[in-house]
Amino acid sequence: MLGYQANTWRRVTRGLALLALVLLGLPAAATAFAVFVVPQQPWRPTRIQLALLAVVLLGLPATAKGGDKYLIGVGKADITGPVVELPLAGYAKGLDQVGGGLRQRLYSRAFIFGATDTPQDRVVYLVLDVAMGETAVRRGIIEELEKLGPEYAMYNSQNIALVATHSHSGPAGYHNYLLPQIVSLGLNEQSLDAQIEGAVLSIQRAHENLQEGTIEVGRTEVKNGNINRSMFAYLANPAAERQAYGSATDTGMTLLSLRRASDGKLVGVLNWYAVHGTSLSNKNTLVSGDNKGVAAWLLERDMANDPGTAPGFVAGFSQANEGDVSPNVLGQWCDDGSDRPCTLDKSTCEDGTARKCNGRGPRHAAGDNGVESCFEIGRRQYVAAKEIVSAQSSSTPLIGQTVKAFHFFKDMRYFSFPLPDGSLGETCPGALGYSFAAGTTDGPGVADFVQSHSGGANHNPVWRIAAKAIKKPTDRQKKCQGVKNILLDVGEMEWPYAWSANIVDIQMFRVGQLVMIIAPAEVTTMGGRRWRAAVKHAAESIIHDAEPIVVLGGPSNSYTHYCTTPEEYDIQRYEGASTLFGRNTLSAYINLTVSSIGALSPTASMGSLPHGPSPPDNRAPVSLSLAVPVVYDHAPLGKVMGQVLVPPNEVYAIGNVVKATFQGANPRNNLRLERTFAAVEKKQPDGSWAQVRNDSDWFLTFTWKRTDIIWGASIVEIAWDTGDGAEPGRYRLRYYGDRKVSGSGRIVPFEGVTESFNLM
Ligand SMILES: *[C@@H]1O[C@H](CO)[C@@H](O)[C@H](O)[C@H]1NC(C)=O
Ligand SMILES: *[C@@H]1O[C@H](CO)[C@@H](O)[C@H](O)[C@H]1NC(C)=O
Ligand SMILES: CC(=O)N[C@H]1CO[C@H](CO)[C@@H](O)[C@@H]1O
């Protein structure tokens with residue numbers, strides 16, 4: 001009796017010890033224990049031992065794979081600002097590229113990561129379908145979150161990152177500084193508020209669905225998705241370093257899969273891949289999220305039908321070190337009749353200027369301002385993301401309970417610090433060199449500027465005089481900027497208010513062994529590689545349980561143009577000329593992030609680093625707003641709002657473009673956020689009509705045109721490219737408008753709908 005009890009007790013304790021080892025995630029040790037320690041020679045396993053051994057063996061793969069639990073939340077909301085009569089942001093063409101409608105709505109996609117047991121340890125990574133994360137928007141988001149009360153108090157300047165997809169096809173007008181405002185008709189409240197409200201809504205949605213889950217990191221190559229557009233500068237980097245990486249761009253995508261713990265379903269993905277949002281050319285006038293907007297739309301649409309996906313799945317395609325990376329993968333060509341490649345060093349053509357040198361996307365032959373190329377580059381990113389999601393087996397789980405963030409502001413004017421070689425270096429007030437005005441092969445610039453070593457006698461003197469009249473750089477600034485021949489001394493221009501940022505956001509996030517650099521600039525390929533490598537090396541001192549994984553997201557938080565390596569800076573192509581704070585900009589960012597790595601250690605508390613100097617707040621009433629408000633809308637006599645002016649045909653073959661024109665009103669009267677201007681409706685078997693396409697759809701476009709400026713008359717064209725996989729059936733188009741009543745200024749909604757047509 002007693003002997004039996006002792007024996008049982010012994011088995012139970014051994015069993016418990018074994019189970020503890022399994023639970024502690026030590027499968028190998030547990031197996032050894034089970035095989036060598038538990039049995040008394042000769043081993044005749046008891047049923048308990050067999051069962052435990054089975055647990056160990058079954059647990060092996062699960063323990064090896066299953067990462068730790070985090071709080072995860074995803075949310076998406078509409079941030080589409082005014083789609084007409086406002087310049088688009090990115091190419092800086094000002095009134096030469098003004099919005100004329102909408103191809104695809106813009107979104108804020110919010111990803112919240114949190115530690116399960118310390119509620120203050122959270123980070124919020126926002127992927128915004130805009131050109132750049134911006135100071136004015138960031139301020140607005142933080143202020144609005146404060147108004148939401150204590151439940152949202154843990155989301156603040158420390159842990160919110162605004163990372164832009166860098167689409168060059170979104171409305172401008174949300175910038176804090178004068179230089180970008182000059183080509184944006186100043187600051188536009190409607191544009192700014194659309195981003196702020198949508199971003200806050202996306203954070204609220206992510207917060208509301210926060211739940212426990214796991215995060216896996218996967219990687220793959222994106223096939224032919226990008227190309228180096230500044231090879232001459234890239235070649236200035238040491239040969240050995242270039243050889244170590246092989247490619248002149250980062251071709252890989254890193255992707256996080258977020259799965260909820262309750263049933264293992266995928267709630268969202270967040271990935272990083274470097275490629276400019278310049279598939280659509282600077283002649284495009286329809287608002288869209290460019291190639292990353294396409295990629296996100298394709299993946300979200302695809303995953304919505306996947307049984308392994310939770311409802312509300314959100315796909316974030318974050319930008320990375322895209323400074324010198326173009327989506328125009330066919331290379332850079334002269335559109336001057338010669339059809340020759342542009343020169344490598346200066347990107348010039350026959351006439352000696354860069355004006356006719358254009359990058360060509362994969363569907364350049366379509367001659368459609370990059371529409372088909374944009375879809376294709378988006379599709380290539382979508383395919384890569386899908387591949388990572390599907391090949392779960394090769395991914396690495398995030399482990400450890402640590403979720404941390406730090407943020408501080410740094411004044412870059414004459415910040416002095418040790419360079420890698422031990423000598424002392426410094427950064428400078430912001431300045432743009434001559435090649436800045438040459439633009440890039442993704443969007444050539446003005447006048448006769450050429451890329452690289454500019455400033456010679458052949459430059460348009462008007463520009464030089466204009467620039468000098470605005471501000472002559474100080475001697476200290478000239479010396480500091482070194483080889484840069486200063487065109488616009490923006491960092492020393494404060495009249496009527498600051499032209500550009502000198503005070504920048506320095507921020508990093510950590511989730512498990514993943515470290516995210518939140519870069520306030522467009523970092524070049526090699527610049528990003530050096531920065532990530534330095535941070536990884538530093539992170540090894542605080543992350544011990546796994547190899548640190550480092551990603552870089554940008555342009556984020558405050559726009560500071562570019563960040564090249566010092567060697568690339570010396571070449572002074574567009575990217576080097578746009579590296580605001582001088583040759584040591586990258587080294588300074590590395591210094592500032594690496595020095596602060598301790599703030600991401602498990603014991604650090606959020607907000608432990610000094611806040612630093614606040615950037616100026618140039619929002620109203622400081623900034624000018626030059627966009628003229630809508631005065632009123634009228635239909636011409638004998639017409640009514642929403643009336644179909646040009647009806648669609650009665651029959652279309654699948655693949656054709658269906659079009660209709662309506663009597664319209666200015667879409668700035670109501671942004672219709674979270675709603676739509678255009679819709680395709682399909683007749684259902686029961687005779688009712690259901691909406692099957694709306695503004696979120698790439699293939700449905702909404703174009704607005706003013707026809708009578710005095711009377712306030714305008715028309716709207718809705719076009720649907722049915723080559724998007726449309727099914728045969730009976731359809732009609734609907735337009736949702738809002739007119740401004742003269743006198744009262746009231747905004748009154750109206751609708752227009754076409755007769756039905758057959759698609760076959
Ligand atoms: C960064 O620069 C500061 C001086 O400004 C220096 O004290 C610090 O050691 C540097 N950090 C690193 C990691 O180089
Ligand atoms: C637009 O269409 C998508 C896809 O069908 C749908 O998920 C979304 O809710 C629609 N949006 C609006 C505002 O109707
Ligand atoms: C990998 C890569 O991007 N290579 C390209 C860099 O730029 C040069 C010149 O434009 C191209 O010829 C390369 O294909």
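Every value quoted in this text rests on a predicted model; they were computed, and no experiment measured them.

Rules of the game
Residues numbered from 1 in each chain as written. Chains lettered and ligands numbered in written order. Predicted model: local features only at pLDDT ≥ 70, side-chain atom pairs only at ≥ 80, totals over all residues. Heavy atoms only, no water. Salt bridge = Lys/Arg side-chain N within 4 Å of Asp/Glu carboxyl O. Helix = DSSP H or I, 4+ residues; strand = E, 2+ residues; numbered from the N terminus. Buried < 20%, exposed > 50% of the residue type's maximum accessible area, 1.4 Å probe, protein only. Near = heavy atom within 4 Å. Polar contact = N/O pair within 3.5 Å; in protein donor to acceptor, adjacent residues only side chain to side chain. Areas by Shrake-Rupley, 256 points an atom, 1.4 Å probe, with all protein chains shown as cover. Nonpolar A, V, L, I, M, F, W, Y, C, P; charged D, E, K, R; others polar.

Enquirer: Whenever I open this one, the pattern of salt bridges confuses me. Can you help?
Expert: Once their charged atoms are close, side chains differing in charge can pair, the charge on each being opposite to the other. One pass over the full model with this rule turns up 42 salt bridges. Residue E494 is joined to R413 by a salt bridge in which the shortest nitrogen-to-oxygen separation is 3.8 Å. Here the residue E494 occupies a position in the loop between β24 (486-488) and β25 (503-511), and R413 occupies one in the loop between β18 (403-411) and β19 (416-418), the gap between them amounting to 81 residues. When its relative accessible area of 46% is taken as the criterion, E494 is described as partly exposed. D697 is paired through a salt bridge with R693; the nearest N and O atoms lie 3.6 Å apart. D697 gets classed as buried once you look at its relative accessible area, which sits at 6%. Here the salt bridges do not stand alone but share partners, grouping K76, R109, D129 and E300 into one network.

Enquirer: Sorry, what's going on with the site of ligand 2 here?
Expert: Around ligand 2, the surrounding shell consists of E674, R675, Q691, N694 and S696. One of the side-chain nitrogen or oxygen atoms of Q691 is found 3.4 Å away from an oxygen atom of ligand 2. A distance of 2.4 Å separates an oxygen atom of ligand 2 from a polar side-chain atom of N694. For ligand 2, whose unbound accessible area comes to 360 Å², protein coverage reaches 40%. A class-by-class count of the residues in the shell around ligand 2 yields no nonpolar, three polar and two charged.

Enquirer: Can you walk me through the site of ligand 1 in this structure?
Expert: Around ligand 1 sit F415, S416, F417, P418, N591, V594 and S595, and those are all the residues in its vicinity. With respect to ligand 1, the backbone of S416 contributes an N or O atom lying 3.1 Å from an oxygen atom. Separating a nitrogen atom of ligand 1 from a side-chain N or O atom of S595 is a distance of 2.9 Å. When ligand 1 is considered free in solution it has 360 Å² of accessible area, and contact with the protein chains removes 49% of it. Within the residue set of the shell around ligand 1, elements represented by two or more residues are β19 and α16 (585-595). A class-by-class count of the residues in the shell around ligand 1 yields four nonpolar, three polar and no charged.

Just geometry here; none of it tells us what the structure is for.
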